[in-house]
Amino acid sequence: MTDTTGQGDAMRPFFFCGIGGSGMLPLAQLAQGFGHEVAGSDRSFDQGRTPEKFAWLERNGFALFPQDGSGLTSAKQTLIASAAVEDTVPEVARAKELGCKRLTRAELLSELFNAAGYSLAIGGTSGKSTVTGMIAWILADVGHDPTVMNGAVMKNFVDEANPFASARVGSPRVFVSEVDESDGSIALFKPTIGVLLNVSLDHKSIEELRKLFGDYVATAGCAVINMDDEESRFLAEHARQTVTFGIEQQDADLTVEPDSIEQGPLSIRAVVIDNRSKEVFPLELPMPGMHNLSNALAAIAALSAAGVETSRSVYALSRFRGLARRFDVVGTSPSGISVIDDFGHNPEKCAATLRTLKATEGRVIAFFQPHGYGPLRQMGDELAQTFARELGSDDITIMCDPVYFGGTVDRSEGTERIVGLIEEHGGSAEHIASREDCGDRIIEIARAGDRVVIMGARDDTLSAFAKDVLDRLI
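From a predicted model like this one, the values you see are computed outputs, not experimental measurements. (Residues numbered from 1 in each chain as written. Predicted model: local features only at pLDDT ≥ 70, side-chain atom pairs only at ≥ 80, totals over all residues. Heavy atoms only, no water.)

**Student:** I tried to follow the sheet that holds strand β2 (residues 38-41) on my own but got confused; where do I start?
**Tutor:** Backbone hydrogen bonds hold the strands of a sheet together, and the pairing may be parallel or antiparallel. One open sheet holds the 5 strands; their spatial order is β3-β2-β1-β4-β5, and the pairing between them is parallel. Looking at the sheet topology across the chains shown, the edges are occupied by β3 (63-65) and β5 (101-103). Here the average twist between neighbouring strands, direction ignored, is 25°. Of the strand pairs in this sheet, strand β4 (residues 78-80) and β5 are connected by 3 bridges, and their pairing is parallel. (Pairing = 2+ DSSP bridges. Helix = DSSP H or I, 4+ residues; strand = E, 2+ residues; numbered from the N terminus. Axes fitted to C-alpha atoms, helices over the stretch in contact; angles between N-to-C directions.)

And the structure:
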C-alpha cells in the first residue's frame, strides 16, 4: 500500500466519510494533528444528531459537508471510509468519478501506527478502550507524551479545547492504539508491544478469532497475555516474548493477592504482586469491577514490558478517571436511583457490567439497544444467556429494536427473538420497539435504590438518552 503519511504526501487532504463516528473522529483528529487538511461528512450531521459534536469539529478547522458527495472536489483528496460503506454512498461514488484514492480507517491508522518508533497495541474482544486509556494516561503521567487512538473519550485528557478526547496528539514516536479484530484489520498492525486481553464471540467465529489473534501475538515484539482467559493462554505459545498477567492464574508475571481484593460500588482495591521481582504494590483503582482490576493488570504488565516501573503505573492508575460510556455513572436521583451509561454490547462486555452491578446491593434495570441486526443474529443466543444468567429474579431487561441508520441489511430477525430467549432461560425481559417508550417504561417501574444501566454501542445519542432518564427521575 502506498504510504499516505510520508514527506512527499504530507499535505495530501483527507476526506472522512462518517467523520463523527467513534472510530473516525479520533483518527481525523490525529490526521489533522499530523498536518493534514481534513474534511468530512456524516449522516448524523445531516440528521441534526449530536449537534454539539459537529459544531466543535467546525470550530476546530474540520470542514463539514452534507453526505451527498459535494465535499469531494479533487482527485488529490483521499477518501477515508469504513470497509463496510456501500458503493452507493455518494462519497464513494464521487471518489470513483474523480479517481480519488480510498483507504479504510484501519489502513490509515495502521500506517500512522507502524511508522512510530515505539508502538503499543491493545487487542481482544472486550476491554480494549479502557486498557488503551489506562496505558495512555500512565505514559503521559510519566512524561512520555504518547499519541493515542482510542474508541472512547478518555476523561483524563478532556478539557475545554478537546471535549471529545478519544484521541491524543503527542509524539509520533510513541503510539498507543486499540486494534480491531471485527473487520480483520488487526492483521495490519505490527506493534512493539501487543496486548491480548481475551478472545470470545463477537463479530466472527471463534476459529476466525483464533487465527487473527494468533497471528497478532506472533507479530508483536512482546506479547502481553491474559492468562485468566483460556483462549488467550492457548495463543501465548505463538509469541516470541511474553509478559503475562492474571487474577486467577497466580503464577502469572503480574497478579494480585486474592485476599486483598475489596470491591466497592465505584472502586476496587487490591495488592499487586510482581512475581518476577517478588515486589508488592497496593492499588486503589477508582473504577468498579473485577474486569477493571484485570484491565489495570494488563496496563501495568504492558508498561512493565516497556520499561515503566510498576510503582509508577500503580500510582498513575489511582488517578485514572476512566472513559465515557464505560460504567459511566451519570448521576443518582434524590430517591437513590442511579443511572449508568455503558458501552456493553457483546456477551462478555455485558456480563462484566452486570457482574459489577450485582456485586453490590440493589435491583438492576438493564436497558439494551442492539447495535445492529447483523450482530444480533451473530451473538443473540449468547446475549440472551448472559442477561438471564447474570441478573436475578428481581431484575429486568428492557430491549428496544436494533439501531438502524439505513442501508440494505437484513432486518427480518430482531429483538423479539432475544427477549423470548431470555425468558426461556429464566430471566425477566420486555421488548418495547421504541427507545422513547422504553424510557417511559423505566420511569414507570424504577424505585428507590435501583440501578438503571443504559447499554449499547454505535449510537452517540445513548448518552443523551441516559441523561434524559436521570433528569426524569430527579
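**Student:** Could you clarify how one ought to interpret the pairing of strand β6 (residues 118-123) in this entry?
**Tutor:** Both faces of the sheet carry side chains from a regular strand, because those side chains alternate between them. With 5 of 6 residues buried, β6 lies mostly within the body of the structure. By the bridge criterion, 5 bridges tie β6 to strand β9 (residues 171-178) in an arrangement that is parallel. Bridge assignment links leucine 120 to a residue of β9, and that residue is valine 176. Pairing between β6 and strand β10 (residues 193-196): 4 bridges, direction parallel. By the bridge assignment, isoleucine 122 is partnered in β10 with valine 195. (Buried < 20%, exposed > 50% of the residue type's maximum accessible area, 1.4 Å probe, protein only.)

**Student:** Where do I start with the nonpolar core in this structure?
**Tutor:** Considering soluble globular proteins, one finds that nonpolar side chains tend to be buried as a cluster. If you look at the biggest cluster of nonpolar residues, it comprises 49 residues, and the most contacted ones within it are Ile135 and Leu317. Setting aside anything within four residues of it in sequence, one finds leucine 317 in contact with Met134, Ile138, Leu283, Glu284, Leu285, Pro286, Ala296 and Ile300. Formed by 44 residues, the second largest nonpolar core is a distinct cluster that contains Phe14, Leu30, Leu103 and Val199. (Core = buried A, V, L, I, M, F, W, Y, C linked by side-chain atoms within 4.5 Å. Contact = heavy atoms within 4.5 Å.)

**Student:** Help me understand the sheet that holds strand β19 (residues 364-369) in this model?
**Tutor:** With mixed pairing, the 6 strands of this open sheet are ordered in space as β17-β18-β22-β19-β20-β21. One side of each edge strand has no neighbouring strand; the edge strands of this open sheet are β17 (328-332) and β21 (429-431). On average, each strand axis in the sheet is inclined to that of its neighbour by 20°, with strand direction left out of account. Across the sheet, helix α15 (residues 461-473) is in contact with β17, β18 (338-342), β19 and β22 (451-456); its angle to β18 comes to roughly 180°.

**Student:** Help me understand helix α3 (residues 51-59), please; the structure alone is not making it clear to me.
**Tutor:** For an α-helix, 3.6 residues make a turn, and residues three or four places apart therefore share a direction. Among all positions of α3, only Lys53, Phe54, Trp56 and Leu57 are buried. Looking down the long axis of α3, one finds its buried residues gathered within 155° of arc, a one-sided arrangement. In α3, the exposed positions angled more than 90 degrees off the buried face are occupied by Pro51 and Arg59. The secondary structure elements touched by the buried residues of α3 are α1 (24-33), α2 (43-47) and β3. Directly after α3, the chain includes glycine 61, whose backbone phi takes a positive value near 90°. (Arc of directions from axis to C-beta.)

**Student:** Looking at this structure, I do not really get unusual backbone geometry. What am I missing?
**Tutor:** Most peptide bonds adopt trans geometry, and most residues besides glycine take a negative phi value. The phi torsion at aspartate 145 lies on the positive side, around 50°, for a residue other than glycine. Tracing the backbone through its elements, the reader meets aspartate 145 in the loop between α6 (128-141) and β7 (146-149). In this structure aspartate 145 comes out as partly exposed when scored by relative accessible area, which is 35%. Backbone geometry places lysine 278, a non-glycine residue, at a positive phi of 65°. When you line up the elements, lysine 278 lands in the loop between β15 (268-274) and β16 (279-285). By relative accessible area, lysine 278 is classed as exposed at 65%.

**Student:** Please explain the environment of proline 51 as it appears in this structure.
**Tutor:** Take proline 51: it is sitting in helix α3. The spacing of proline 51 and glycine 372 is 321 residues in sequence and 23 Å in space, taken between C-alpha atoms.

**Student:** Help me understand the pattern of salt bridges in this model?
**Tutor:** Oppositely charged side chains can pair when the atoms bearing their charge come close. Inspection of every chain in the model, using the stated rule, returns 22 salt bridges. With a shortest N-O distance of 3.0 Å, arginine 355 and glutamate 390 are connected by a salt bridge. On the criterion of sequence distance, the pair formed by arginine 355 in helix α11 (residues 347-358) and glutamate 390 in helix α12 (residues 373-390) is long-range, its members being 35 residues apart. Lysine 467 is paired through a salt bridge with aspartate 471; the nearest N and O atoms lie 3.1 Å apart. Within this pair, lysine 467 and its partner aspartate 471 are both found in helix α15, separated by 4 residues, close to a single helical turn. Under the relative-accessibility criterion, lysine 467 is labelled partly exposed at 47%. Here the salt bridges do not stand alone but share partners, grouping Arg49, Arg435 and Asp459 into one network. (Salt bridge = Lys/Arg side-chain N within 4 Å of Asp/Glu carboxyl O.)

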